[in-house]
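The lines below spell out each chain.
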Amino acid sequence: MNAPVTIETTLKDWETDQEVRWCPGCGDYAILKAVQRTLPQLGADPANTVFISGIGCSSRFPYYIESYGFHTIHGRAPAVATGVKLANPDLDIWLVTGDGDGLSIGGNHLMHVLRRNVNMQIMLFNNEIYGLTKGQYSPTSREGTKSPSTPLGSYDHPARPAAFALGAGARFVARGFDVSKKLPEVLKAAHAHQGAAFIEIFQNCIVYNKDVFDDFAAPKGAEGQQLWLEHGEPMLFAGGEKGIALDREALELKVVDVADGDWEAAGVIVHDAANRSIAHMLVEMPFGPFPMALGVLYDDPRPTFETAVIEERTRASEGRDTDLAKLLGKGQTWTVDETAGHPA
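Residues numbered from 1 in each chain as written. Predicted model: local features only at pLDDT ≥ 70, side-chain atom pairs only at ≥ 80, totals over all residues. Heavy atoms only, no water.

1. What about the overall build of the chain?
Within the chain, the secondary structure is distributed over 10 helices and 11 strands. Here the analysis covers contacts within the chain between residues at least 6 apart in sequence; of these, 68% occur between residues at least 24 apart. Element-wise, carbon and sulfur atoms account for 53% of the exposed surface of the chain, whose accessible area totals about 17400 Å². The averaged location of the 44 negative side-chain charges in the chain is 4 Å from the averaged location of its 30 positive side-chain charges. (Helix = DSSP H or I, 4+ residues; strand = E, 2+ residues; numbered from the N terminus. Contact = heavy atoms within 4.5 Å. Areas by Shrake-Rupley, 256 points an atom, 1.4 Å probe, with all protein chains shown as cover. Lys, Arg positive; Asp, Glu negative; His and termini not counted. Charge placed at Lys NZ, Arg CZ, Asp CG, Glu CD.)

2. Concerning the sheet that holds strand 10 (residues 252-257)
One open sheet holds the 3 strands; their spatial order is 8-9-10, and the pairing between them is antiparallel. The open sheet has two edge strands, strand 8 (236-237) and strand 10, and neither has a second partner. Across 6 bridges, strand 9 (residues 242-247) lies against strand 10 in antiparallel orientation. Paired with Lys242 across the two strands is Asp257, which belongs to strand 10. (Pairing = 2+ DSSP bridges.)

3. Some remarks on the environment of Val268
Relative to the assigned elements, Val268 resides in the loop between strand 10 and helix 8 (276-284). Along the sequence, Val268 and Leu91 sit 177 residues apart, while their C-alpha atoms lie 41 Å from each other. If near-sequence neighbours (up to four positions away) are discounted, Val268 is found in contact with Pro234, Met235, Leu236, Gly243, Ile244, Ala245, Val256, Val258 and Trp263.

4. Points about the pairing of strand 7 (residues 226-229)
Neither face of strand 7 is exposed, since Gln226 and Trp228 on one face and Leu227 and Leu229 on the opposite face are all buried. Alignment of strand 7 against strand 11 (residues 292-299), held across 4 bridges, turns out to be parallel. Paired with Trp228 across the strands is Leu294, a residue of strand 11. (Buried < 20%, exposed > 50% of the residue type's maximum accessible area, 1.4 Å probe, protein only.)

5. Looking at the packing of helix 1 (residues 27-42) against helix 6 (residues 183-192)
Where helix 1 contacts helix 6, the two axes come as close as 9 Å, and the packing angle between them is 50°. Taken together, the axis directions place helix 1 and helix 6 in an arrangement best described as oblique. In this structure, the crossing between helix 1 and helix 6 has a hand that is right-handed. Together, Ile31, Ala34, Val35, Thr38, Gln41 and Leu42 of helix 1 and Leu183, Pro184, Leu187, Lys188 and His191 of helix 6 make up the contact between the two elements. Broken down by class, the residue content of the contact of helix 1 with helix 6 amounts to 7 nonpolar, 3 polar and 1 charged. (Axes fitted to C-alpha atoms, helices over the stretch in contact; angles between N-to-C directions. Parallel < 35°, antiparallel > 145°, perpendicular 65-115°, else oblique. Left-handed = near helix turned anticlockwise from the far one by under 90°. Nonpolar A, V, L, I, M, F, W, Y, C, P; charged D, E, K, R; others polar.)

6. Overview of the layout of surface pockets
In this structure, the largest pocket encloses a volume near 450 Å³. Around the largest pocket, the lining is made up of 23 residues, and of these Glu128, Arg142, Arg160, Phe287 and Met292 lie nearest the centre. Mapped by element, the contributors of at least two residues to the lining of the largest pocket are strand 6 (196-202), helix 7 (214-217) and helix 8. When grouped by side-chain class, the residues that make up the lining of the largest pocket number 12 nonpolar, 3 polar and 8 charged. (1 Å grid on protein atoms, 1.4 Å probe; cavity = no way out; pocket = protein on both sides within 12 Å on 5 of 7 lines; lining within 4 Å. Points joined across faces, edges and corners; volume = space filled by probe spheres on them.)

Okay, here's the thing in structure tokens:
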């Protein structure tokens, strides 16, 4: 389980003495502050909290959080985080990765931490570009993206992080964006979930992919293109004038107009976070004809991986002597009384 609420902290308690070194205007600054504001509200204990990252701009994160941290190697943060969680299940693990680190070289590792359902919060910063290595296209870059590695435009079909997470068996999938005031609420929901909680965070790369998400994530003026999901609430957007309905014949979602606030008459569906089929439809909605689905898309917990491991260890050790020294000393042993070259 995640760490219980035991102490009181402030944002300042989670700030380090390290100079925060991202490009001026980078969306990572906003995400860092959102996390530092959220941790005190969770009652998190810096002595019981660990931030683990791979390689990339996002992966500088552990340096800037006053807690334990581990800056690992490219794509392998999920493997390290799994080891840390199994060694000490009481630790509160936050895994930080990016679209390149997590979905290219680290795609295999990310898939397994999700399907195993190791209890941790996984934040994938998606800026649709390789920022640290000077702007090459990434697994999430859109078709036509021009970069040093695709000067004529990318022809790859981009990966969808939230769809990847669902396909890998994740039991919690959410979306947010860097400057959103609602991002802390998404982080709180992820922390409350017992299991692998995956959050895709759209993040503006001010240098190599500037304003690529402005259609739905601009600080002002894009609210009408945001569908913020809340369990038990109707799927409304554009100030409640539009909503999402289910075309039952085609088995697909559609946008409907809502007249006079009567969303029920318009057929708008109520969000059920435990409905995996609808979650798949939400992450696959093409932006433009549809709004961007944000918030908690899917939340349906199941027993965690480390719980199963602990139970297995307990069963295996029942009725057995678990003294390691005795085990090592069992059987044929001998004692060396003298140094080499001077036999007794």
